[in-house]
Amino acid sequence: MKIQALDIKMGDRIIAYCNNKMQICTVKRILDSGHTNNIALSVFTSDHYRISVSRTLRFKRDALVDLAGSQFTQKNEPIP
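The paragraphs below set out a description of the structure included in this document. These figures come from a predicted structure and were not determined experimentally.

Turning next to the sheet that holds strand 6 (residues 64-67). Strands sit in the order 1-6-2-3-4-5 across an open sheet of six strands; the sheet is antiparallel. One side of each edge strand has no neighbouring strand; the edge strands of this open sheet are strand 1 (2-4) and strand 5 (54-60). With direction set aside, neighbouring strand axes in the sheet form an average angle of 55°. Inspection of the sheet shows strand 2 (residues 13-18) paired to strand 3 (residues 21-32) by six bridges, in the antiparallel sense. Its bridge partner being in strand 3, I14 is matched across the sheet by C25.

Right, dumping it as structure tokens:
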């Protein structure tokens, strides 16, 4: 599913080009979403935060970004 970069929230898992490859990133923090034409996101590049490195991604505010599917159901049980 695609959403506008402006609508991304903390905790969203997005598919983005990071570390020279397309991969799933988890949004850690929205760095600046002020009145500029760009939005900067601090993201983790892995599901395991202890071994993951934080990166900064920038998008135009009206860019479409792919959301990755969640790995948990609403009951927080792993999807088979």
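Attention now moves to the pattern of salt bridges. Using the criterion set out here, one finds one salt bridge in the structure. We note a salt bridge from D66 to K2, for which the minimum N-O separation is 3.4 Å. One end of the pair, D66, is in strand 6; the other, K2, is in strand 1, and 64 residues separate them in sequence.

Attention shifts here to a nonpolar patch on the surface. A surface patch of nonpolar side chains, amounting to about 400 Å² of accessible area, comprises I15, Y17, M22 and I24. At the level of secondary structure, the elements contributing two or more residues to the nonpolar patch comprise strand 2 and strand 3. Looking at the secondary structure, you find M22 in strand 3.

What follows concerns the nonpolar core. One finds I8, I14, L41, L57 and F59 to be the most contacted residues of the largest nonpolar core, which totals 14 residues. Elements with a contribution of two residues or more to this core: strand 2, strand 3, strand 4 (38-44) and strand 5. Apart from residues lying up to four places away in sequence, L57 is in contact with I14, A16, Y17, C18, C25, I39, A40, L41 and V43.

Cut-offs and rules
- Residues numbered from 1 in each chain as written.
- Predicted model: local features only at pLDDT ≥ 70, side-chain atom pairs only at ≥ 80, totals over all residues.
- Heavy atoms only, no water.
- Pairing = 2+ DSSP bridges.
- Helix = DSSP H or I, 4+ residues; strand = E, 2+ residues; numbered from the N terminus.
- Axes fitted to C-alpha atoms, helices over the stretch in contact; angles between N-to-C directions.
- Salt bridge = Lys/Arg side-chain N within 4 Å of Asp/Glu carboxyl O.
- Patch = residues over 30% accessible without salt bridge, like charges linked within 9 Å, V, L, I, M, F, W, Y side chains within 5 Å.
- Areas by Shrake-Rupley, 256 points an atom, 1.4 Å probe, with all protein chains shown as cover.
- Core = buried A, V, L, I, M, F, W, Y, C linked by side-chain atoms within 4.5 Å.
- Buried < 20%, exposed > 50% of the residue type's maximum accessible area, 1.4 Å probe, protein only.
- Contact = heavy atoms within 4.5 Å.

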